[in-house]
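# An overview of the molecular structure
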Amino acid sequence: MRSRHRVWAYGDHVNTDVIFPGKYTYSVQHDPAALSRHALEDLDPSFASGVQPGDVIVAGRNWGNGSSREQAVTCLLACGLRAVIAESFARIYFRNAINNGLLALACPGVAELAQSGSELSLDLDAGELVLAGETLHFTPLPPSVRHIVAAGGLIASLKAARGQ
């Protein structure tokens, strides 16, 4: 099943301190509204006020490198972001994304087609996206990972499995 999303495009090596500035790490860690206000504020001051539920970020290589701070994921979730689709991810960021329920997809060639404001069509089952008239393929996430994301993260997934 295809879904449509508005794109926010960014480049290579966007690190966790750019996604969520470290100076806020301990002051707003449990406040979703405050987390969302500071998302990408140093890279794109229009992001936090302009992002809409269901939007996606399309990025270059090594998205989320740097520290292991979870706020670099949770601030995007607090904004209502649907997914980050990148050429590649820093390993810890990718794991934090899945653990917190943010869809993270690696798709070669996606960054060169992306423009902020454009529309992307996504088919998770087929491992296919359409952007700028081009069809790109990515390795679909395994069912277990898709289940974790759909449940809202690893903890929510485990609670659901236990009937809690």
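Before going into details, it helps to say that this report is about the structure given with it.

## What to know about the packing of helix α4 (residues 71-78) against helix α5 (residues 91-100)
The contact between α4 and α5 brings their axes to 9 Å, and the two run at 45 degrees. When the axis of α4 is compared with that of α5, the two are oblique. Crossing geometry of α4 relative to α5 is assigned as right-handed. In contact with Ala72, Val73, Thr74, Leu76 and Leu77 of α4, α5 contributes Tyr93, Asn96, Ala97 and Asn100. For the contact of α4 with α5, a count of residues per class yields six nonpolar, three polar and no charged.

## Brief notes about the nonpolar core
A general trend in soluble globular proteins is that nonpolar side chains are found buried together. Counting residues in hydrophobic clusters, the biggest one holds 30 residues, and the most contacted among them are Ile19, Phe47, Ile57, Trp63, Leu76, Val84 and Tyr93. For this core, the element with the highest residue contribution is α4, accounting for four residues. Excluding anything up to four places from it in sequence, isoleucine 19 contacts Val14, His38, Ala39, Leu40, Trp63, Gly64, Ala72, Cys75, Leu76 and Tyr93. By size, the runner-up hydrophobic cluster in this structure holds 22 residues, among which are Val56, Ala83, Leu120 and Leu122.

## A look at the environment of isoleucine 19
With respect to the secondary-structure elements, isoleucine 19 resides in helix α1 (residues 16-19). The exposure class of isoleucine 19 is buried, given its relative accessible area of 0%. Along the backbone, isoleucine 19 and aspartate 42 are 23 residues apart, and their C-alpha atoms lie at a distance of 8.1 Å.

## A look at helix α6 (residues 143-151)
Of all the positions in α6, only Val145, Ile148 and Val149 are classed as buried. In an axial view of α6, the angular spread of the buried residues amounts to 95 degrees, which keeps them on one side of the axis. Looking at α6, the residues exposed on the side facing more than 90 degrees away from the buried face are Pro143 and Ala150. Tucked inside the fold, the buried residues of α6 contact α5, β4 (103-106) and α7 (154-161). Phi turns positive one or two residues past the end of α6, at glycine 152, with a value near 100 degrees.

## Quick word on the side chain of histidine 38
Along the polypeptide, histidine 38 turns up in the loop between α2 (32-37) and α3 (47-50). In terms of polar contacts, histidine 38 uses its side chain to reach the side chain of glutamate 41, at 2.7 Å. Histidine 38 has contacts with Ile19, Phe20, Pro21 and Tyr24, leaving out every residue within four places of it along the chain.

## Some points on the environment of histidine 137
Summarising the element assignment, histidine 137 is placed in strand β7 (residues 134-137). Residue classification places histidine 137 among the exposed residues on the basis of a relative accessible area of 52%. Each residue touching histidine 137, except ones within four places of it in the same chain, is listed here: Cys107, Pro108, Gly127 and Glu128.

Cut-offs and rules
- Residues numbered from 1 in each chain as written.
- Predicted model: local features only at pLDDT ≥ 70, side-chain atom pairs only at ≥ 80, totals over all residues.
- Heavy atoms only, no water.
- Axes fitted to C-alpha atoms, helices over the stretch in contact; angles between N-to-C directions.
- Helix = DSSP H or I, 4+ residues; strand = E, 2+ residues; numbered from the N terminus.
- Parallel < 35°, antiparallel > 145°, perpendicular 65-115°, else oblique.
- Left-handed = near helix turned anticlockwise from the far one by under 90°.
- Contact = heavy atoms within 4.5 Å.
- Nonpolar A, V, L, I, M, F, W, Y, C, P; charged D, E, K, R; others polar.
- Core = buried A, V, L, I, M, F, W, Y, C linked by side-chain atoms within 4.5 Å.
- Buried < 20%, exposed > 50% of the residue type's maximum accessible area, 1.4 Å probe, protein only.
- Arc of directions from axis to C-beta.
- Polar contact = N/O pair within 3.5 Å; in protein donor to acceptor, adjacent residues only side chain to side chain.

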